[in-house]
Amino acid sequence: MSYIPLIPLSELPENSHKSVWLGKKSIALFHYSGVITALENTCIHQGGDLGQGFIQTLDDGELYVACPWHGWQYNLKSGHAPHGYKDRQALYDVVIENGTIMVSEEPVTKAFKAAHEVDPVADLRKLDYQTTEKSLNVLGISTTNMNSDLPRPSTSETALQQALDFAVSEFGASTKMIRLRDLNFRHCEGYYSRHERACTWPCSISEMDGEDGMNEIYRAMVLWADAVILATPIRWGNASSLYYKMAERLNTVQNQITLHDKVLIKKKVASFIITGGQDNVQGVAGNLNSFFTDLGFTLPPFNFLGWSRGWIAEDTENNYNSFFKSRYVKRSVRELVTNTVQLVMQIKNMDASHLQTPKPKISESGNLPG
Ligand code: FES
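Note that this is a predicted model, so its numbers are computed, not measured.

Asks: Can you help me understand the overall build of the chain in this one?
Replies: On a plain count of helices and strands, the chain comes out with nine helices and 15 strands. Scaling as 2.2 N^0.38, a compact globule of 370 residues should have a C-alpha radius of gyration of about 21 Å, whereas the chain reaches 26 Å, well beyond that. Overall, the chain is about 85 × 45 × 45 Å in size when its C-alpha atoms are taken along their principal axes. With 370 residues in all, the chain has 48% of them scored as buried. For the chain, contacts bridging at least 24 residues in sequence account for 67% of all contacts bridging at least 6. Element-wise, carbon and sulfur atoms account for 50% of the exposed surface of the chain, whose accessible area totals about 18,800 Å². When the 35 basic and 40 acidic side-chain charges of the chain are each reduced to a single mean position, those positions are 7 Å apart.

See the structure below:
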């Protein structure tokens, strides 16, 4: 077996690891417990940089490197994933000669990426769309939070339910209501900030945890819906915190456009119900509109219903009754749904095979080094 010199031993002190280029390959070197080992640096999952990984001791007492992108782990000495997984990172042999770390020209154990028997997000990966030319699937997303033991009337959710009921009675729509507070889902963990390609579709959290509640949102919003009506209360001038928790997890949808020119949401319409005891309806609408259009949604004219009794309306005990009796709300719900459904009908036959996506791209910035 021939060996190739990589770096002086002095550049890899005990308790350290780093990646080193070997021609076109990158090798991750580890120096722990007096042993130097070498793995292929590019993680078999999605390409993370193991030389930047975290060293962990697992239950078997062995040292593993956890990939900094999504945490897949590999045994430092064998390249194997932990017990129960068949995946393996390529392992190189290491010798030290004259104070230089040398690695085998070829791996002594090849990489292996197992086909995982159960893929909890296979439908998302395949983009199994459930919309058809004739479908009229209207998804309601309620983002208000409340304690289910002490339920209280919610203006935003009441209007959303009225909107879905009207979509059924007037247009024969199929409807679904998702209440974010009923879903148990993790926050976005910011893999994007490690590397743009670390934010994947399907979301890596969904891959790791098939039970994550956002999977219901991804399926309903991306695969099933023709139209989404999102309802939010106004909290300190903004949409609800649950909305933002969901929006951050939708980075996985938007990132496909930025990275791959791949638009997952096409020919779908979005509208909003925004209610608050106090004001900033327009600010919230502007924020929602810009985010949803960035995801690929189309917006109908007059696409939000706003409700606010103004800055000095501290008598919140009267808010729900005023809202419930309001003729404006009743009329606006119907008009919102009508505008939404009409646009769905109009864009059903639009050719969206190549949507232009004027997204910022680093390659076009003109600021690249060199
Ligand atoms: S790229 Fe390594 S765990 Fe995903």
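Asks: Just checking my understanding: could you explain the environment of Met-146 for this structure?
Replies: Relative to the helices and strands, Met-146 is located in the loop between strand 11 (137-142) and helix 2 (155-171). In the structure, Met-146 is positioned 66 residues away from His-80 in sequence and 46 Å away in space, judged by C-alpha atoms. When sequence neighbours within four positions are dropped, the list of residues in contact with Met-146 reads Pro-151, Arg-152, Ser-154 and Arg-181.

Asks: Quick question: what am I supposed to make of the packing of aromatic side chains here?
Replies: One pair of aromatic rings is described through two measures. These are the centre distance and the angle between the planes. Under the definition given, this model contains nine aromatic pairs. Through a chain of ring-to-ring contacts, three or more aromatic side chains come together here, namely Phe-272, Phe-291, Phe-292 and Phe-297. The ring of Trp-224 carries the charged tip of Lys-176 above its face, separated from the ring centre by 4.4 Å. When the ring centre of Phe-324 is taken as reference, the NZ or CZ atom of Lys-330 above it lies at 5.4 Å.

Asks: Even after reading the chapter, I still don't get the sheet that holds strand 14 (residues 269-276), so can you show me in this structure?
Replies: Where strands meet in a sheet, backbone hydrogen bonds hold them as pairs that are either parallel or antiparallel. Strands sit in the order 12-11-13-14-15 across an open sheet of five strands; the sheet is parallel. The two strands at the open ends of the sheet, each matched to only one other strand, are strand 12 (174-179) and strand 15 (304-308). The mean angle between the axes of side-by-side strands here comes to 15°, regardless of whether they run parallel or antiparallel. In terms of strand pairing, strand 13 (residues 227-233) meets strand 14 through seven bridges, oriented parallel. The residue of strand 14 that forms the bridge with Leu-230 is Phe-272. On top of the sheet, helix 9 (residues 327-347) reaches strand 13, strand 14 and strand 15; it is set at about 160° to strand 15, its chief contact.

Asks: Sorry if this is basic, but what is going on with the packing of helix 2 against helix 9 here?
Replies: In a packed pair of helices, the relevant descriptors are the angle between the two axes and the axis-to-axis distance. Relative to each other, helix 2 and helix 9 sit at 55°, their axes nearing to 9 Å. Looking at the two axes, helix 2 sits oblique to helix 9. Relative to helix 9, helix 2 is oriented so that their crossing is right-handed. Together, Ala-159, Gln-162, Ala-163, Phe-166, Ala-167 and Phe-171 of helix 2 and Val-329, Val-333, Arg-334, Val-337, Thr-338 and Val-341 of helix 9 make up the contact between the two elements. When grouped by side-chain class, the residues that make up the contact of helix 2 with helix 9 number nine nonpolar, two polar and one charged.

Asks: Could you clarify how one ought to interpret the side chain of Asn-75 in this entry?
Replies: By secondary structure assignment, the location of Asn-75 is in strand 7 (residues 73-75). Within the structure, the side chain of Asn-75 is placed 2.7 Å from the backbone nitrogen of Lys-77, a separation counted as a polar contact. Once residues within four sequence positions are removed from consideration, Asn-75 is found in contact with Leu-39, Glu-62, Leu-63, Tyr-64 and His-80.

Asks: Whenever I open this one, the pairing of strand 9 (residues 94-97) confuses me. Can you help?
Replies: Regular strands show a simple pattern: their side chains alternate between the two faces of the sheet. Inspection of the sheet shows strand 9 paired to strand 10 (residues 100-104) by four bridges, in the antiparallel sense. Each residue of the ladder has a partner; that of Glu-97, found in strand 10, is Thr-100. Between strand 9 and strand 10, which pair antiparallel and follow one another directly, the connecting turn spans two residues, one of which, Asn-98, has a positive phi of 50°.

Asks: Looking at this structure, I do not really get the domain arrangement of the chain. What am I missing?
Replies: The extent of an interface is frequently quoted as the accessible surface area lost upon association of the parts. For the chain, the assigned domains are domain 1 (3-104) and domain 2 (122-350). Once you take the C-alpha centre of each, domain 1 and domain 2 turn out to be 44 Å apart. With seven residues of domain 1 at the interface, the matching set in domain 2 holds nine residues. Buried area between domain 1 and domain 2, both sides added, is near 740 Å², and the carbon and sulfur share of it is 54%. It is Gln-46, Trp-69 and His-70 in domain 1 that bury the most area against domain 2; as a group they hold 72% of the surface buried on that side.

Asks: What exactly am I supposed to notice about the side chain of Ser-142 here?
Replies: Inspection of the secondary structure assignment puts Ser-142 in strand 11. Here the side chain of Ser-142 touches Glu-157 through a polar contact of 2.5 Å, side chain to side chain. When residues no more than four places from it in sequence are discounted, the contact partners of Ser-142 are Glu-157, Leu-160, Met-177, Ile-178, Arg-179, Leu-180, Arg-181 and Ala-231.

Asks: Even after reading the chapter, I still don't get empty space enclosed by the protein, so can you show me in this structure?
Replies: Empty space among the atoms becomes apparent when a probe as large as a water molecule is rolled across them. Under the counting rule described, the total for this entry stands at one cavity of 30 Å³ or more. Space inside the largest cavity adds up to approximately 90 Å³. Lining the largest cavity, in full, are Cys-188, Tyr-191, Tyr-192, Ala-198, Cys-199, Thr-200, Cys-203, Ser-204, Glu-248, Arg-249, Asn-251 and Thr-252. The residue inventory of the lining of the largest cavity, partitioned by class, reads six nonpolar, four polar and two charged.

Calculation notes
- Residues numbered from 1 in each chain as written.
- Predicted model: local features only at pLDDT ≥ 70, side-chain atom pairs only at ≥ 80, totals over all residues.
- Heavy atoms only, no water.
- Helix = DSSP H or I, 4+ residues; strand = E, 2+ residues; numbered from the N terminus.
- Rg over C-alpha atoms; globule rule 2.2 N^0.38 Å.
- Buried < 20%, exposed > 50% of the residue type's maximum accessible area, 1.4 Å probe, protein only.
- Contact = heavy atoms within 4.5 Å.
- Areas by Shrake-Rupley, 256 points an atom, 1.4 Å probe, with all protein chains shown as cover.
- Lys, Arg positive; Asp, Glu negative; His and termini not counted.
- Charge placed at Lys NZ, Arg CZ, Asp CG, Glu CD.
- Phe/Tyr/Trp six-rings, centres within 6.5 Å; stacked < 30°, edge-to-face > 60°.
- Lys NZ or Arg CZ within 6 Å of the ring centre and 35° of its normal.
- Pairing = 2+ DSSP bridges.
- Axes fitted to C-alpha atoms, helices over the stretch in contact; angles between N-to-C directions.
- Parallel < 35°, antiparallel > 145°, perpendicular 65-115°, else oblique.
- Left-handed = near helix turned anticlockwise from the far one by under 90°.
- Nonpolar A, V, L, I, M, F, W, Y, C, P; charged D, E, K, R; others polar.
- Polar contact = N/O pair within 3.5 Å; in protein donor to acceptor, adjacent residues only side chain to side chain.
- Domains from an automatic or database assignment.
- Buried area = accessible area lost by both parts, 1.4 Å probe.
- 1 Å grid on protein atoms, 1.4 Å probe; cavity = no way out; pocket = protein on both sides within 12 Å on 5 of 7 lines; lining within 4 Å.
- Points joined across faces, edges and corners; volume = space filled by probe spheres on them.

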